[in-house]
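Single-letter residue listing:
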Amino acid sequence: MRGKRVLLGITGGIAAYKIAFLIRLLKKNGAEVKVIMTPASCDFISPLVVSTLSGNAVGIEFWNKKDGTWNNHVEYGLWADVMVIAPLTANTLSKMANGACDNLLLATWLSMKSNTMVAPAMDLDMYAHPSTKENLERLESFGVDIIPATSGELASGLEGEGRMAEPESISDAIQNYFDRQLEPWFVSKKAVITAGPTYEAIDPVRFIGNHSSGKMGIALAQNLADRGMQVQLVLGPTKEGIDHERIEVIRVSSANEMLEAVQNRWNDADIGIFSAAVADYRPAVKADQKIKKSEDALQIELVKNPDILLWAGENKKEDQLLVGFALETENLLENGRKKLEKKHLNCIVLNTLQDSGAGFGVDTNKISILDNHNNLQEFELKSKTEVAADIVDYVKNYTTK
Ligand code: CTP
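Predicted, not measured: the structure shown is a model, and the values here were computed from it. (Residues numbered from 1 in each chain as written. Predicted model: local features only at pLDDT ≥ 70, side-chain atom pairs only at ≥ 80, totals over all residues. Heavy atoms only, no water.)

## Considering empty space enclosed by the protein
Keep this limit in mind: Put simply, the grid is 1 Å and covers the protein atoms alone, a cavity is a trapped set of points that fit a 1.4 Å probe, a pocket is an open set with protein on both sides within 12 Å along at least five of seven lines, and lining residues have an atom within 4 Å of a point. Grid points are joined across faces, edges and corners, and a volume is the space filled by probe spheres set on the points. Where helices and strands are cited, they refer to DSSP runs of H or I of at least four residues and of E of at least two residues respectively, numbered from the N terminus. In the scheme used here, Gly and all other residues not listed as nonpolar or charged are polar, with Ala, Val, Leu, Ile, Met, Phe, Trp, Tyr, Cys and Pro taken as nonpolar and Asp, Glu, Lys and Arg as charged.
The final tally for this structure, using the stated rule, is one cavity of 30 Å³ or more. Roughly 30 Å³ of internal volume is contained in the largest cavity. Lining the largest cavity we find Trp-185, Phe-186, Leu-224, Met-229, Ile-271, Ile-273, Val-392 and Val-395. Breaking the lining of the largest cavity down by element, the ones donating at least two residues are helix H9 (184–187), strand S13 (271–274) and helix H14 (384–400). Broken down by class, the residue content of the lining of the largest cavity amounts to eight nonpolar, no polar and no charged.

This is how it looks when you write it as C-alpha cells:
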C-alpha cells in the first residue's frame, strides 16, 4: 500500500471509534490517508484524533468557518486512489443510493474519479430491512465495492448481522482492491521515465533552469506502477516526489547527470517515456566561486547539452518502446513529426502552451499523441493523472495491436 492515497469517509455510527485503528493500520502499511467526516460522526470520534492519526486536516463542512476557505470536494476526488466509507450508516447509504448531496462527504463521493468501497454498520433490523438491501444493491450497480457487515454483538445489545467489518478486514479489502488493479501486461515489464527540469550550474549558487514541476512524469510513473510495472523515475530538481513500492526515484540535477542515469538503465527497460524538460544548453564552465558583480554586462558562454531522448532512440532495441514529448509554440504537428523521426520514437506526446490549462506547473494538460504509423489521437483538457492514463493506455494498445 506504499504511497497509495486512501480517502476515508466517516459517517455517524458507533463503529466510527474503530476508524482510529484503521487509520493506524493504513499508515503503518505506507498509505497516505485523508479523512472526511459527516457532522454526525463527530459525536462518535473526535476530529482531533482523526487529524492527528492521519497527519492531515479533516474535512467536515463545505467551507472552513475559521478562515472562510473552501473544502474542495473535486480536489479530494482527484487526489484519492480509493475512497473508503466506514462506517456507512443507513442514512448515508440511502443518500448515496439517491445521489443526495447535503454534506462534504457526499459531494466528494459524487466527484470521485476512482473507486469507492463501503463498510456498512447498523443494527440488525436496519441491516436486514429491504430498503437497506435494495440501497446496497443499487450502490453495487454503481460499481461501489461493499465490505459486508459481519455477525456479532451489536451496540444495542442485540446479536446478529450488522457489525462493521473489523479494521484489519477493511485494510485487507483495500489491499485486495489495489492488487486487483494489477494487469498482467504491466507486471512483467520495466520502464524508465524522465521527468522534471534540469539545473545547469553557472556557479556554486546559480543555475539555468526552467519551470517544469515533473508532475506529468510522476503521474505517468504512478499509473504504470499502479498497474504493476517496475518503474525507474529519473527526476530532475523539483519539490514534487512520489513514494511507491514499484517506483525507484533517481534524483538528478543536470542534463549530464540525467543522461548518465538513463544510460545505466535503458538497456534493461521495456518502455521509456521521456517527459523531462531538459535544458538545451549549459554554461561552458561552472565558476568555482560565486561570480561577483563587476561589469554592467555579463556574458556566459553556453554549450549544447546531450539530447537524452535522442541517445535512447539511437540505442533502442527492436522490442523496446520509446515515447517522447514535444512542447511547441508553433507548427505543433509538423515539428512533432520531425522529432518523432529524428529521435527514432514509437510515439510522441504533443502539447502546446497555447492551450490554456496545458504545460508547466498546472495540474491539467491537453495533449495529442502521434505515432510512427502516422496515427494521431487528440484528447480533451484533463487532469495530469487522467492524461497519464490516456498515454499509458495508448502505449499499451500500440504494443498489443
Ligand atoms: N529531450 C531530452 N534531452 C534533451 C532535450 C530534450 O531527452 N536534451 C527530450 C524531452 O524530454 C522530450 C523531447 O526530447 O521528450 C522533446 O524535447 P524538446 O525540448 O521539445 O525538443 P528538442 O529536440 O530540444 O527541440 P527544440 O528545443 O528545438 O524544440
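## Side note on the state of the cysteines
For clarity, the cut-off: Note on disulfides: each one is a pair of cysteine sulfur atoms within 2.5 Å.
Considering all chains together, one arrives at zero disulfides under this definition. No disulfide involves Cys-101; its nearest neighbouring cysteine sulfur is the one of Cys-42, lying 18 Å away.

## A closer look at the layout of surface pockets
The calculated volume of the largest pocket comes to roughly 1500 Å³. Of the residues in the lining of the largest pocket, the class split is 13 nonpolar, 15 polar and 17 charged. The computed volume of the second largest pocket comes to approximately 1000 Å³. Where the lining of the second largest pocket is concerned, the elements lending two or more residues are strand S8 (190–195), helix H10 (215–226), helix H12 (308–314), strand S16 (321–328) and helix H13 (332–342). Here the lining of the second largest pocket takes four residues from H13, the largest share from any one element. Across the lining of the second largest pocket, the residue classes tally to 17 nonpolar, 15 polar and nine charged.

## Focus on the pattern of salt bridges
Working definition: two side chains of opposite charge can pair if their charged atoms are close together. Short version of the rule: For salt bridges, the criterion is a side-chain nitrogen of Lys or Arg within 4 Å of an Asp or Glu carboxyl oxygen. Exposure is judged per residue with a 1.4 Å probe applied to protein chains only, and the accessible area is read against the type maximum: over 50% gives exposed, under 20% gives buried, and values in between give partly exposed.
Summed over all chains, the structure comprises 17 salt bridges. As a salt-bridge pair, Lys-18 and Glu-166 come within 3.0 Å of each other at their nearest N and O atoms. With Lys-18 in the loop between strand S1 (5–10) and helix H1 (19–28) and Glu-166 in the loop between strand S7 (159–163) and helix H8 (167–180), this pair connects stretches of sequence that are 148 residues apart. For Glu-166, a relative accessible area of 29% gives the class partly exposed. For Asp-102, the salt bridge goes to Lys-95, with nearest N and O atoms at 3.0 Å. Three or more residues joined by partner-sharing salt bridges are found here, namely Glu-183, Arg-227, Asp-393 and Lys-396.

## Regarding the pairing of strand S4 (residues 116–120)
Formally: At least two bridges found by DSSP between two strands are what make those strands a pair.
Taken across its five residues, S4 has five buried, putting it largely inside the fold. Of the two faces of S4, both are covered, the one formed by Thr-116, Val-118 and Pro-120 as well as the one formed by Met-117 and Ala-119. The pairing of strand S3 (residues 82–88) with S4 spans four bridges and is parallel. Counted as the bridge partner of Leu-88 is Pro-120 from S4. As judged from the two bridges shared by S4 and strand S5 (residues 145–146), these two strands associate in the parallel manner. What sits directly across from Val-118, in S5, is Ile-146.

## Remarks on the nonpolar core
The condition that has to hold: Here, nonpolar core means buried Ala, Val, Leu, Ile, Met, Phe, Trp, Tyr and Cys residues that are tied together by side-chain atoms lying within 4.5 Å of each other. For this analysis, residues touch if any pair of their heavy atoms sits within 4.5 Å.
Counting residues in each nonpolar core, the largest one holds 35 residues, and the members touching the most others are Leu-220, Leu-224, Val-231, Leu-233 and Ile-391. Secondary-structure elements contributing two or more residues to this core are H9, S8, H10, strand S11 (230–235), S13, S16, strand S17 (347–352) and H14. Among all residues touching Leu-220, those that are not within four sequence positions of it are Ile-193, Ile-273, Phe-325, Ala-388, Ile-391 and Val-392.

Any link to function would need more than the numbers given here.
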